[in-house]
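Letter by letter, the chains look like this.
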Amino acid sequence: MRRAALLLTMSLRNVFRNRRRSLFALATIAMGTLGLFVFMGFNRGLMNQYRANTIRARWGHGQLYVEGYRDRAHARPWEHWIDRPSAVMAQLRVLPGVLDLFPRLTVSAILVVGEHTVAGQGEGIDGAAEARFFTQLNYREGGDFRDRPDGIVLGEGLGRGLGVHTGDEIRLVVQGGERPSQTATLRVTGIFHTGSQEFDSRAFRIPLGVAQRLLVTDRVESIAVALAGVEAWPAFAAAVRTTLPTLEAVPFDELDRIYYRHAVDWLDAQFAFIRGIILLVVFLGIFNVISMAVLERTREIGTLRANGDGQFRIALGHILEAVVLAVLGAAIGLTTGWMLSAGPLRDGVAMPPAPGITRSFRIQIELAIPDALQVLSLAILTAVVGCLLPVWRAVRMPIADALRHV
Amino acid sequence: MRLYEVRAVSYRYGGNGQAVSALADVDLDVDAGEFLAIAGPSGSGKTTLLNLLGLLHAPDAGTIRLDGRDASTLGERERTRLRRERIAFIFQSLNLIPVLSAYENVEYVLLSRPLSSAERRRRTLGALAAVGIADQAGRRPQRMSGGQQQRVAIARALVRDVGVILADEPTAALDHATGRAVMDLLKRLNRDRGITFIFSTHDPRILAAADRVVHLADGRISS
């Protein structure tokens, strides 16, 4: 016990033995941990905002389809849509975590305004219900159609292509294939943008009743789900499998695999690379400081070994010193990170529009205890690895050489 | 009682055709309780011989017996264990740990032994008292004079109660009066406790006080 206490005391005091060098080491570790911690918070904020945007703009927390519907193309897709949607939704509403449900029907239509004709891909939706949850559908002009039975909202690019504004009339033509073509005349209530240029250039939304009439069906293609939170999805999906086995519950990150999943993977890979660079800087800082300290104490080490002290215990003392440095440096870095996020970065970081996105946004720095613990662990690990080589070299030096060292 | 038997010991520094002979065919016997000085000019091999007697390295040729046991063929781990049990050092440059107090510097070398904390404390304070600096126990070396620091180094060597202390130029860095006081202390410890002291030295005070003086020249014992 006393041995451990004296080793720890010696390590603590050694940290302040050469104050300038220790300050440099502490600054290196503090800057490294600060950078890592804030970057992790930034990354977490970015991911959470991107996820919220994805959920609140289009997909909800997930959607329900008839089992197998998404797996292949169907000659008569309407035969594979959800029958008696009201009864199904009544069963879904009592499942765990469910806040709201949004029946949807995909409509491929020709949009005609005067001599302008554009192909669009839209959805029939419950306007009043969706307005409560899909808050990321931002309107350039006008607003959603809510309960208006002849309303239509258009993506920004689609509206521009047709040259329409709020209040203008649009005729929708749905090619029926083996069924007769259907038309409907609707009035523009809003022009929206979701942030995704590609989506906004072809998307429109119309009341579900209009979509069902155009497609001559009383079914819905899918039901989007709003849950209490992302973490509620597994329990909800399990409950669907049990109570409604003919339906398939698909989470938002699978529905938006191309954008969301790939973006997350891409950001994770980028983060791992930057983390590696930061850790390398911390490693080199520690390596340099411990190398200098060990060099300076070579004769001390020789004396301890001459008096019968083992290589392991001498090495342990220096490793402890590196750990003390790492803990102190990390504490400074983490505290500074927290102060920054509560002060100058309280309102987040302003970001320009991302590729394929039309609007700028702010990323909140979301710091978290698990991130702090991970940063602290990485700092300690890096410090220990960084000191191993110089310490190992010193304790293996022939004692007589160590005693002669100047 | 015979402590060391050194027979035909040679040691060379360097290699690859650049080797320099530091000791050649050295024979030496040291009895327990001796106050022995190894004298000679710089480069004569004094420190090398002291290092070999301290088992800091093994000879290239010949044998060194300590307490009748051949120590020249032992591996690093066995040499460390034997050194811990039997040999202590005092160096010219002291090499005290500056971040530890005098007490902690002395106590540190006892930590590898299975002693109770009370026994460790008794021995540490006893060693500091034996060299006359018990009242300085809480001070760090850099706040002490050169003589006081040398006494801490002596206490550190004494505290393990190992029976033989090897001292490399222990008074070389001290002024005349301090060097004399340290010399008197070492002689008293030799006389009162029967501790064997082996010095490498130029200091005429040590040479005058020594029971025996071994002269080295060019790596060989000349007298």
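Since this is a predicted model, take the numbers as computed values, not measurements. (Residues numbered from 1 in each chain as written. Chains lettered and ligands numbered in written order. Predicted model: local features only at pLDDT ≥ 70, side-chain atom pairs only at ≥ 80, totals over all residues.)

## A short note on the overall build of chain B
Here's step 1: Counting its regular elements, chain B contains seven helices and 10 strands.
Here's step 2: Within the span of chain B, comprising 223 residues, buried residues form 44% of the whole.
Here's step 3: Sequence-distant contacts in chain B: of pairs separated by 6 or more residues, those separated by 24 or more amount to 70%. (Helix = DSSP H or I, 4+ residues; strand = E, 2+ residues; numbered from the N terminus. Buried ≥ 20, exposed ≤ 12 C-beta atoms within 10 Å, placed from the backbone. Contact = placed C-beta atoms within 7 Å.)

## A word on the overall build of chain A
Here's step 1: In terms of helices and strands, chain A carries 14 helices and 12 strands.
Here's step 2: A burial count over chain A gives 39% of its 406 residues as buried.
Here's step 3: Considering only contacts in chain A between residues 6 or more positions apart, those separated by 24 or more positions represent 81%.

## Comments concerning the environment of L381(A)
All names here are of chain A.
Here's step 1: Looking at where L381 falls in the secondary structure, it is placed in helix 13 (residues 369-396).
Here's step 2: On the basis of neighbour count, L381 is assigned to the partly exposed category, with 15 C-beta atoms found within 10 Å.
Here's step 3: Between the C-alpha atom of L381 and that of V323, which follows or precedes it by 58 residues, the distance is 8.3 Å.

## Things to note about the packing of helix 10 (residues 257-296) of chain A against helix 12 (residues 311-342) of chain A
Residue and element names in this part refer to chain A.
Here's step 1: In contact at an axis separation of 11 Å, helix 10 and helix 12 are set at 140° when each is read in the N-to-C sense. The pairing of helix 10 with helix 12 is recorded here as oblique in orientation. Between helix 10 and helix 12 lies a crossing whose hand is right-handed. Here helix 10 contributes I286, I290 and V294 to the contact with helix 12, which in turn contributes H318, A322 and L325.
Here's step 2: Taken together, the residues of the contact of helix 10 with helix 12 break down into five nonpolar, one polar and no charged. (Axes fitted to C-alpha atoms, helices over the stretch in contact; angles between N-to-C directions. Parallel < 35°, antiparallel > 145°, perpendicular 65-115°, else oblique. Left-handed = near helix turned anticlockwise from the far one by under 90°. Nonpolar A, V, L, I, M, F, W, Y, C, P; charged D, E, K, R; others polar.)

## Brief notes about unusual backbone geometry
Here's step 1: Although it is not a glycine, R84(A) sits at a positive phi angle of roughly 45°.
Here's step 2: Examined against the element boundaries, R84(A) turns out to sit in the loop between strand 1 (62-66) and helix 3 (85-93).
Here's step 3: With phi around 55°, D67(B) is a residue other than glycine that occupies positive phi space.
Here's step 4: Tracing the backbone through its elements, the reader meets D67(B) in the loop between strand 4 (61-66) and strand 5 (69-70).
Here's step 5: Accessibility expressed as a C-beta count within 10 Å gives 16 for D67(B), which makes it partly exposed.

## Quick notes on the sheet that holds strand 7 (residues 164-168) of chain B
All names here are of chain B.
Here's step 1: Spatial strand order, 6-7-8-3-9-10: six strands in an open sheet with mixed pairing. Among the strands making up the open sheet, the edge pair consists of strand 6 (87-91) and strand 10 (220-221).
Here's step 2: In terms of strand pairing, strand 9 (residues 212-217) meets strand 10 through two bridges, oriented antiparallel. Bridge pairing in strand 10 places L216 opposite I221.
Here's step 3: Of the strands in this sheet, strand 3 (35-39), strand 7, strand 8 (196-201) and strand 9 touch helix 1 (residues 46-53), which is tilted by about 155° from strand 8. (Pairing = 2+ DSSP bridges.)

## Looking at helix 10 of chain A
Here's step 1: Across its 40 residues, helix 10 of chain A extends 57 Å between first and last C-alpha, which sits within 8% of the 58 Å expected from 1.5 Å per residue.
Here's step 2: Summarising the contacts, the buried residues of helix 10 of chain A are in contact with helix 2 (19-59), helix 9 (252-255), helix 11 (298-306), helix 12 and helix 13 of chain A. (Expected span 1.5 Å × (residues − 1).)

## Overview of the packing of helix 1 (residues 2-15) of chain A against helix 12 of chain A
All names here are of chain A.
Here's step 1: For the pair helix 1 and helix 12, interaxial distance at closest approach is 8 Å and the crossing angle is 55°. In terms of their interaxial angle, helix 1 and helix 12 are classed as oblique. Note that helix 1 runs across helix 12; the crossing there is right-handed. Seen from helix 1, the contacting residues are L7, L8, M10, S11, L12, N14 and V15; seen from helix 12, they are L316, G317, L320, E321, V324 and L325.

## Re the sheet that holds strand 2 (residues 20-31) of chain B
Hydrogen bonding along the main chain pairs the strands of a sheet, whether they run parallel or antiparallel.
All names here are of chain B.
Here's step 1: Reading across the sheet, the four strands line up as 2-1-4-5 and stay open at both edges, with antiparallel pairing between neighbours. One side of each edge strand has no neighbouring strand; the edge strands of this open sheet are strand 2 and strand 5.
Here's step 2: Across five bridges, strand 1 (residues 2-13) lies against strand 4 in antiparallel orientation. Within the sheet, the bridge partner assigned to R7 lies in strand 4 and is T63.

## Looking at the environment of P149(A)
All names here are of chain A.
Here's step 1: Note that P149 resides in the loop between strand 4 (138-142) and strand 5 (151-155).
Here's step 2: Separated by 58 residues in the primary sequence, P149 and P207 have C-alpha atoms spaced 6.2 Å apart.
Here's step 3: Excluding residues within four positions of it along the chain, P149 makes contact with P207 and G209.

## Some thoughts on helix 2 (residues 76-86) of chain B
Residue and element names in this part refer to chain B.
Here's step 1: Within helix 2, the full set of buried residues consists of R79, T80, R83 and R86. All buried residues of helix 2 lie within an arc of 155° about the axis, which places them on one face of the element.
Here's step 2: For helix 2, the elements touching its buried residues are strand 4, strand 6 and strand 7. (Arc of directions from axis to C-beta.)

## With respect to the environment of M89(A)
Here's step 1: As for its placement among the helices and strands, M89(A) is situated in helix 3.
Here's step 2: Other than its neighbours up to four places away in sequence, M89(A) contacts L101(A), P103(A) and I223(A).

## Thoughts on the pairing of strand 3 (residues 116-125) of chain A
In the case of a regular strand, side chains alternate between the two sheet surfaces.
Residues and elements named next belong to chain A.
Here's step 1: In this structure, strand 2 (residues 98-113) lies alongside strand 3, joined through 10 bridges in antiparallel fashion. From the neighbouring strand, R104 faces strand 3, where its bridge partner is I125.
Here's step 2: Where strand 3 meets strand 8 (residues 203-207), five bridges bridge the pair, whose relative direction is parallel. Note that in strand 8 the partner of G124 across the bridge is I206.

Nothing here speaks to function; it is geometry throughout.
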